[in-house]
Amino acid sequence: MLSIGLIGCGTIGTSICKAIDDGTIEAELVAIYDRNLDDVDKLLSTLERSKPQVMEVTEMVRNIDLLVECASQEAVYEIIPTALHAHCDVMIMSVGAFSDEKLYKTIRELAKENKCKVYLPSGAIVGLDGLKSASAEKIYSVTLTTQKPPAGLAGAPYIIRNKIDLDKITGKTVIFEGPASEAVKAFPANVNVAATISLTGIGFEKTKVKIVANPALTRNIHEISVEGAFGEFTTRVENVPSPSNPKSSYLASLSAIATLRKLSDPIQTGT
Ligand SMILES: NC(=O)C1=CN([C@@H]2O[C@H](COP(=O)(O)OP(=O)(O)OC[C@H]3O[C@@H](n4cnc5c(N)ncnc54)[C@H](O)[C@@H]3O)[C@@H](O)[C@H]2O)C=CC1
Ligand SMILES: O=C([O-])CC(=O)C(=O)O
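The name given to the protein in an unreviewed UniProt entry is L-aspartate dehydrogenase, and the organism recorded there is Methanolobus sediminis.

This is the structure in structure tokens:
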């Protein structure tokens, strides 16, 4: 059975661990870690059958087949190279880290050299399958429009830097427009999906991102429009925010769970 280690015991991490614990994912949860020990304890208290050990990444990678990152973009720098050197496959949620081309190239090379896989789930968006198919031919444009309730954008470096008072926003307001390369740095906990789209489609500079704060919303909405030699499509998802972290949509947790379930399934649907 697949042995899993997990870094980041927050919203997504807890959903994944519970899914392993109740048998939804066929795997053994061997180890977990978080820089915040309260989050580790909280997660452990939700598990009924699994008894993962708490260990740091250097020890963890000696005991597992696959490392799951659901922590932060900086954690990708800290842990993924170590896991690949130790021949572990990895699944990454904080995909925005890959706007750093040097990091992306390093991880790609390390994965090749060590014969490892790097899994990047679709996360909170729908339509990655269509974009992947379309990218076998010419793609002309890709645009992501993300709308969140203002509270879902709180704490983003762009909001802090520009002193945007989210409490004062009373109507639908465009907060940011620019390339995905800038969006994932300006909103590292809000539009990792822009990175996944960029890597699948036409890259970080050509992928356009618009971020809208909308106080009328209770859900996180992501719309993707793609034009290419295949024709064009638009997808739209209205995501329920996770109760423990309104920045992250519940679909992101489900997507991580689905990716791990797929690993033990002989039938693989979708492109
Ligand atoms: N790819 C996608 O579609 C999506 C990606 N995300 C990203 O996934 C990641 C996890 O999201 P959530 O579970 O909602 O966040 P969360 O804030 O609920 O939990 C993150 C946990 O990771 C821990 N952590 C952060 N940096 C760490 C480090 N360097 N070392 C050890 N522990 C660390 C924190 O203490 C916290 O317990 C975030 O980076 C988030 O932006 C979130 C939603 C969608
Ligand atoms: O969960 C979402 O709606 C998207 C998100 O936070 C991200 O891509 O980082």
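1. Some details on the site of ligand 2
Around ligand 2, the neighbouring residues are Ala 124, Lys 148, Ala 189, Asn 190, Val 191, Asn 192, Val 193, Asn 220, His 222, Lys 247, Ser 248 and Ser 249. Between an oxygen atom of ligand 2 and a main-chain N or O atom of Asn 190, the distance comes to 3.3 Å. Within the backbone of Val 191, one N or O atom sits 3.4 Å away from an oxygen atom of ligand 2. Relative to its free-state accessible area of 270 Å², ligand 2 is covered by the protein chains to the extent of 94%. Counting only elements with at least two residues in the shell around ligand 2, the list comes to helix H9 (192–200), strand E10 (220–228) and strand E13 (245–249). Top element by residues in the shell around ligand 2 is E13. It accounts for 3 residues. Along the lines of polarity and charge, the residues of the shell around ligand 2 split into 4 nonpolar, 6 polar and 2 charged.

2. Brief notes about helix H5 (residues 101–113)
Note that an α-helix has 3.6 residues per turn; residues three or four places apart therefore point the same way. With 13 residues, H5 extends 18 Å from end C-alpha to end C-alpha; this agrees with the ideal 18 Å at 1.5 Å per step. Of the positions making up H5, those classed as buried are Leu 103, Ile 107, Leu 110 and Ala 111. Taken end-on, H5 shows its buried residues confined to a sector of 100°, consistent with a single buried face. The exposed residues of H5 that point more than 90 degrees off its buried face are Glu 101, Lys 102, Lys 105, Lys 112 and Glu 113. Of the surrounding elements, those touching the buried residues of H5 are helix H4 (73–85) and strand E6 (118–119). The residue sitting at the N-terminus of H5 and contributing the capping side-chain oxygen is Asp 100; that oxygen lies 3.0 Å from the backbone nitrogen of Lys 102.

3. Thoughts on the site of ligand 1
With respect to spatial proximity, 25 residues lie near ligand 1, and among them Asp 34, Asp 39, Ser 72, Ser 94 and Ser 248 are the closest. The separation between a nitrogen atom of ligand 1 and a polar side-chain atom of Ser 72 is 2.8 Å. Asn 245 places a polar side-chain atom, nitrogen or oxygen, 2.9 Å from an oxygen atom of ligand 1. When the free accessible area of ligand 1 is taken as 860 Å², the share hidden by the protein chains comes to 88%. Residues of the shell around ligand 1, tallied by class, amount to 11 nonpolar, 10 polar and 4 charged.

4. What to know about the state of the cysteines
Enumeration according to the criterion identifies 0 disulfides in this entry. The thiol sulfur of Cys 9 is not disulfide-bonded, and the nearest other cysteine sulfur, from Cys 17, lies at 6.3 Å.

5. Some points on the UniProt feature "active site" (unreviewed entry) in the protein
This chain's UniProt record puts "active site" (unreviewed entry) on His 222. Mapping His 222 onto the fold places it in strand E10. On the accessibility criterion, His 222 (1% relative accessible area) is buried. Reaching out from His 222, the side chain makes a polar contact with the side chain of Thr 146 at a distance of 2.9 Å.

6. A closer look at the environment of Val 226
Within the secondary structure, Val 226 is located in strand E10. It is 6.6 Å that separates the C-alpha atoms of Val 226 and Thr 143, two residues lying 83 residues apart in sequence. Apart from residues no more than four positions distant in its own chain, Val 226 is found in contact with Leu 131, Ile 139, Ser 141, Val 142, Gly 231, Glu 232 and Phe 233.

7. Structural notes on the side chain of Ser 3
Along the chain, Ser 3 falls in strand E1 (residues 3–7). When residues no more than four places from it in sequence are discounted, the contact partners of Ser 3 are Glu 28, Val 30, Asn 63, Ile 64, Asp 65 and Leu 66.

Parameters at a glance
- Residues numbered from 1 in each chain as written.
- Chains lettered and ligands numbered in written order.
- Predicted model: local features only at pLDDT ≥ 70, side-chain atom pairs only at ≥ 80, totals over all residues.
- Heavy atoms only, no water.
- Near = heavy atom within 4 Å.
- Polar contact = N/O pair within 3.5 Å; in protein donor to acceptor, adjacent residues only side chain to side chain.
- Areas by Shrake-Rupley, 256 points an atom, 1.4 Å probe, with all protein chains shown as cover.
- Helix = DSSP H or I, 4+ residues; strand = E, 2+ residues; numbered from the N terminus.
- Nonpolar A, V, L, I, M, F, W, Y, C, P; charged D, E, K, R; others polar.
- Expected span 1.5 Å × (residues − 1).
- Buried < 20%, exposed > 50% of the residue type's maximum accessible area, 1.4 Å probe, protein only.
- Arc of directions from axis to C-beta.
- Contact = heavy atoms within 4.5 Å.
- Disulfide = S-S within 2.5 Å.
- UniProt positions renumbered as here; feature names shortened; annotations may be inferred.

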